[in-house]
Amino acid sequence: MVDLDALRQKHPEIRDDFTIDQHWERYGVEEHGVWKTLFKRQMEVLPRRACAEFLEGVQKLGLEPDHIPQFERASDTLEKLTGWRVVAVPSLVPDDNFFTHLAARRFPVGQFIRRPDQLDYIEEPDVFHDFFGHVPMLAHPVFADYMEAYGKGGLRALTQFNALKNLARLYWYTVEFGLIAKPEGLRIFGSGIVSSRAESIYALESPSPNRIFFDLERVMRTEYRIDDFQESYFVISSFEALMEETYKDFGALYKRLATGPSYRPGDILPSDHVHTSGTHTYVGGSHAAA
Ligand code: HBI
Ligand code: FE
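So, here is what we can say about the structure in this document. Every value quoted in this text rests on a predicted model; they were computed, and no experiment measured them.

**With respect to the site of ligand 1**
At step 1: The environment of ligand 1 is formed by Val89, Ser91, Leu92, Val93, Asp95, Phe98, Phe99, Tyr150, Ala168 and Tyr171.
At step 2: Backbone polar atom of Ser91 to a nitrogen atom of ligand 1: 3.2 Å apart, as the coordinates give it.
At step 3: In this structure, a nitrogen atom belonging to ligand 1 sits 2.8 Å away from a main-chain N or O atom of Val93.
At step 4: Against a free-state accessible area of 390 Å², the protein chains account for coverage of 87% of ligand 1.
At step 5: Judged by the proximity of its atoms to the pocket grid, ligand 1 belongs to the largest pocket.
At step 6: A per-element tally of the shell around ligand 1 places helix α5 (residues 95-103) first, with three residues.
At step 7: For the shell around ligand 1, a count of residues per class yields eight nonpolar, one polar and one charged.

Right under this line is the structure:
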């Protein structure tokens, strides 16, 4: 949960919408050095692993290898492409605030960057996870539409239905950890994967995880873990197909989701359209031989 007092303590200038000023001039050599190290590592593993749309986004935004981006300048470029802007936030913001920003085509990006001893994993989204992981995909018009629709859906899920949990799963298994099927093979678009060197390799090449073709209700019933690699990845056929999903009747869907099963992250169901089943798979609930 977000501790509002601590946040206001640390960022007295924080605004009602939880945005702060980036103060780009305050980043020191060490912080730009962490960006430089992470950027270089990722650009070594992402060609032939990240989808072309992500790599094109990095290029269109003119992301510099050696410096943390200037949000205002990058937003001017991004806004011309898809109407999105980036706003600086201290870290996680409350759900309703997050969705309100997305619905207005503003992407909240953590202003801080992880320390050199935290290169492989951090709990809270920092500027590298948020900007390098999320912002390049916002340069893609259809994905940019999906993210706005997600924000609007999030506000509805919060206010009209008690369906935040289901919607958070949809975000998790697409925006954060989504894969896409391309003629040349599976490619990554999820931010949690593209901002992690180890998971960029694991998600596509390890025999361990399941890779299951996307189904909206299946994803919204599937739990997820935040502290380890994913046990299952979901595969979309195109960003257009993902966008089409948002036209479905979510009211009826939420009603169905209020009852019925939730699935464990590693489950594979008889109804699943499986791309590859992992070595740890629970087939139909029983523990398959590893
Ligand atoms: N805040 N800054 C930030 N970034 C997020 O990704 C984020 C958030 N608050 C809430 C939230 N995500 C989740 O509730 C959604 O993913 C559902
Ligand atoms: Fe994220």
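Having put the structure on the table, let's press on.
**Brief notes about the pairing of strand β3 (residues 179-182)**
At step 1: With four bridges connecting them, β3 and strand β4 (residues 185-188) associate as antiparallel partners. By the bridge assignment for β4, Lys182 is matched with Gly185.
At step 2: Taken together, β3 and the strand that follows it, β4, pair antiparallel across an intervening segment of two residues.

**Some points on unusual backbone geometry**
At step 1: The phi torsion at Phe18 lies on the positive side, around 70°, for a residue other than glycine.
At step 2: Assignment of secondary structure puts Phe18 in the loop between α1 (4-10) and α2 (29-45).
At step 3: Taking relative accessible area as the criterion, Phe18 reaches 10% and is therefore assigned buried.
At step 4: For Arg105, which is not glycine, the phi dihedral falls at a positive 60°.

**Let's talk about the packing of helix α7 (residues 141-159) against helix α8 (residues 164-176)**
Helices that pack against each other are described as a pair by the angle of their axes relative to one another and the distance between those axes.
At step 1: It is the contact of α7 with α8, at a shortest axis distance of 9 Å, that shows an interaxial angle of 165°. Considered as vectors, α7 and α8 are oriented roughly antiparallel to each other. In this structure, the crossing between α7 and α8 has a hand that is left-handed. In this structure, α7 contributes Phe143, Tyr146, Met147, Tyr150, Gly153, Gly154, Ala157 and Leu158 to the contact, and α8 contributes Leu164, Leu167, Ala168, Leu170, Tyr171, Thr174 and Val175.
At step 2: A per-class count over the contact of α7 with α8 returns twelve nonpolar, three polar and no charged.

What counts as what
- Residues numbered from 1 in each chain as written.
- Chains lettered and ligands numbered in written order.
- Predicted model: local features only at pLDDT ≥ 70, side-chain atom pairs only at ≥ 80, totals over all residues.
- Heavy atoms only, no water.
- Near = heavy atom within 4 Å.
- Polar contact = N/O pair within 3.5 Å; in protein donor to acceptor, adjacent residues only side chain to side chain.
- Areas by Shrake-Rupley, 256 points an atom, 1.4 Å probe, with all protein chains shown as cover.
- 1 Å grid on protein atoms, 1.4 Å probe; cavity = no way out; pocket = protein on both sides within 12 Å on 5 of 7 lines; lining within 4 Å.
- Sits in = over half its atoms within 2 Å of the grid points.
- Helix = DSSP H or I, 4+ residues; strand = E, 2+ residues; numbered from the N terminus.
- Nonpolar A, V, L, I, M, F, W, Y, C, P; charged D, E, K, R; others polar.
- Pairing = 2+ DSSP bridges.
- Buried < 20%, exposed > 50% of the residue type's maximum accessible area, 1.4 Å probe, protein only.
- Axes fitted to C-alpha atoms, helices over the stretch in contact; angles between N-to-C directions.
- Parallel < 35°, antiparallel > 145°, perpendicular 65-115°, else oblique.
- Left-handed = near helix turned anticlockwise from the far one by under 90°.
- Contact = heavy atoms within 4.5 Å.

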